[in-house]
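An overview of the molecular structure
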Amino acid sequence: MPGTVAAPRGGVLRDLHDRYETVRDALSRIDKAAAGLGLPDISTRLIEDNGTSDRRGPEVQYLEIFAVSLATHHMLVAEGIQPIAIVGQSIGELWALAAAGHLPVEDAARLAVARSQALTRQSWRGKMLAVGVDGRRAESLAGLIDHPHLVLACENAPRQSVISGPEELIRHVERVADALGWPSLPLDVPHPTHTPAMAQAARDLRATAPRAAYGSGRWRVRSPWLGRDVGDDDPVDLVAGALTARVRMLQTVRELHAAGADIFVECGEWPVVTKFVEASIPGVRCVVPLSESDPVGAVRALAEDPAAIGPFSSRPTVRPSERLLPSARVSAPESADPPSAVALAEAPARVSAPVPAAPPYYAEPAAPAAPVAPPVSAAPPAPAVSYAPPAPITADAPAAPVTPATPVTPAAPVDAVAQPAAGLDYETVLAELRTLYGDFLGYPPDLLGEDDGLESELGVESLKQVTLLGRVSERYDLPDLRSNTSLLTAGTLRRIAEGVVQGRAEAAG
């Protein structure tokens, strides 16, 4: 299940709320907990799309992410998909505990708010930076500065790591990464974590958080920071301990796959953790129901015949030979055998084993982009963390979570696009952008629709977008364009082309 991702879209749970009693009950319980803490209603915006702002403070953002993750989990179970194990990324581990039945929904919501308030009270001036390299190199990069609070925070994929530390030091790290040609992206998160600097907040949380009883749940929960299944652990200690610990998502995903999980389901709104899974294990199948035009239909297809469904992705597939950016994801031949297990991942802990981040929003870094890989041949149903079709499975294996987008390694410069035309009208700029983006990504230009979401529909991860926007900025001599974060969080070629036309018009005076 996902951790800190972007606030969900308004109305995203309308259909699930109308269809499933379990979803209505879960949302009602989250609303009840929020009201008891003096917070606004959580579910209304997610059900009705009533125009309420998605910027209502970190506590509301966390509870909205929780609501989406839990609702997706209940849809999966209602349609016959049973998790072998559930995994959560960062705070997503709390969503996983609630989804697995180890912790009451209300207690999980109250603990999420207590965590947020403890972090806010510490008011640490920190930052998290996604870097498109492996954990060893990212750790060496942080070690160059040699500050106790500047550390490798997350190992997400073979070429996706996150460094956490004081804001001024992160700026130095970013400059060094840029000099080395390593792509990087500052993460827009309300509370930077997974660093020893959070020890004060962890102590505060242990002293002030409401205690919650931990019961025997229905499903196993795999912890990426503990490196084991959650056992008889106190929930408050689990959440507090994670604040200063490193999240090893790459290791967890690989362990789950080795135990037999070859289908990973993410319980968030967008592919975040599943991108790490695809980059870490070539050939696995990842499913993100809420990113589909028909989420329920996608889940029913998985429940009826997990071997028959194709990758759940609307974005075009690019042959590795056409890709200019190196990628950790490699397509594998379709297997004739059905997958042995479906792992559920939840954002910031995605359901590759279980569900609930994100976005960014926790602009989740993206791992090297690549086509969605087809399924691999079946593995024994033994220990695997995932959502598997109905048949009962007794397994000990860890569940694989999924978390933030995977960064990509630097690409060779693209010089195929001619210099900007003299007349910067919208259509001319759009055509030039299609060529520039198409050559860089390996897509035919006519496949790039002007209103297609660069990340949500075309699969262009955050770090690639940073690189491309930098090239657009240089090409049209618009230095302010690269700092326009709205073009990254909701980027389309239309918005970028309009920004270029407007920027050049203002520059011309």
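Look above for the structure.
Residues numbered from 1 in each chain as written. Predicted model: local features only at pLDDT ≥ 70, side-chain atom pairs only at ≥ 80, totals over all residues. Heavy atoms only, no water.

A tally of helices and strands in the protein chain yields 17 helices and 14 strands. As displayed, the protein chain offers around 18,300 Å² of accessible surface, 50% of which is attributable to carbon and sulfur atoms. (Helix = DSSP H or I, 4+ residues; strand = E, 2+ residues; numbered from the N terminus. Areas by Shrake-Rupley, 256 points an atom, 1.4 Å probe, with all protein chains shown as cover.)

A few words on the side chain of Arg115. Topologically, Arg115 is positioned in helix H6 (residues 105–122). Salt bridges are absent for the buried Arg115, whose nearest opposite-charge side chain, Glu59, sits at 9.1 Å. In contact with Arg115, other than residues within four places in its own chain, are Tyr62, Ser90, Ile91, Thr193, Leu205, Val239 and Leu243. (Buried < 20%, exposed > 50% of the residue type's maximum accessible area, 1.4 Å probe, protein only. Lys, Arg positive; Asp, Glu negative; His and termini not counted. Salt bridge = Lys/Arg side-chain N within 4 Å of Asp/Glu carboxyl O. Contact = heavy atoms within 4.5 Å.)

Moving on to the sheet that holds strand E4 (residues 151–157). Hydrogen bonds along the backbone pair up the strands of a sheet, which may run parallel or antiparallel. Overall, mixed pairing links the five strands, which are arranged E6-E3-E5-E4-E9 in an open sheet. Looking at strand neighbours, the two that pair on one side only are strand E6 (184–187) and strand E9 (247–248), the edges of this open sheet. Relative to strand E5 (residues 160–166), strand E3 (residues 126–131) runs antiparallel, the two being bridged by six bridges. Bridging across to E5, Ala130 finds its partner in Val162. Packed onto the sheet, helix H8 (residues 167–180) meets E3, E5 and E6 and runs at close to 140° relative to E5. The strands touched by helix H15 (residues 462–475) within the sheet are E3 and E6, with E6 carrying the most contacts at an inclination of about 115°. (Pairing = 2+ DSSP bridges. Axes fitted to C-alpha atoms, helices over the stretch in contact; angles between N-to-C directions.)

Take the pairing of E3 next. The element E3 is largely enclosed, with a buried count of five among its six residues. Looking at chain direction, E3 and E6 are connected through four bridges and run antiparallel. Bridging across to E6, Leu129 finds its partner in Pro186.

Let's shift gears to the pattern of salt bridges. If you walk through the whole model with that rule in mind, you get 24 salt bridges. The closest approach of N and O atoms between Arg246 and Glu139, which form a salt bridge, is 2.9 Å. Taken together, the positions of Arg246 in the loop between helix H10 (235–242) and E9 and Glu139 in helix H7 (residues 135–143) put the pair 107 residues apart, joining distant regions of the chain. The exposure class assigned to Glu139 is partly exposed, which follows from its relative accessible area of 40%. In the salt-bridge network here, residues are joined through shared partners; they are Glu139, Glu155, Arg246 and Arg248.

One finds Leu63, Phe66, Leu94, Trp95 and Leu205 to be the most contacted residues of the largest nonpolar core, which totals 77 residues. Ranked by residues supplied to this core, first place goes to helix H4 (residues 58–78) with 12 residues. Beyond its immediate sequence surroundings of up to four residues, Leu205 is in contact with Leu111, Ala114, Arg115, Ala118, Val236, Val239, Ala240 and Leu243. (Core = buried A, V, L, I, M, F, W, Y, C linked by side-chain atoms within 4.5 Å.)

Moving on, we get to H8. Because an α-helix packs 3.6 residues into every turn, residues spaced three or four apart end up facing the same way. With 14 residues, H8 ought to run about 20 Å at 1.5 Å a step, and its terminal C-alpha atoms sit 20 Å apart, in line with that. Residues of H8 that are buried: Leu169, Ile170, Val173 and Ala177. The buried residues of H8 occupy one face: seen down the axis, they fall within an arc of 100°. Away from its buried face, by an angle of more than 90 degrees, H8 presents the exposed residues Arg175, Asp178 and Ala179. Taken together, the buried residues of H8 touch E3, H7, E5 and E6. Looking one or two places after H8, you find Gly181, whose phi comes out positive at around 80°. (Expected span 1.5 Å × (residues − 1). Arc of directions from axis to C-beta.)

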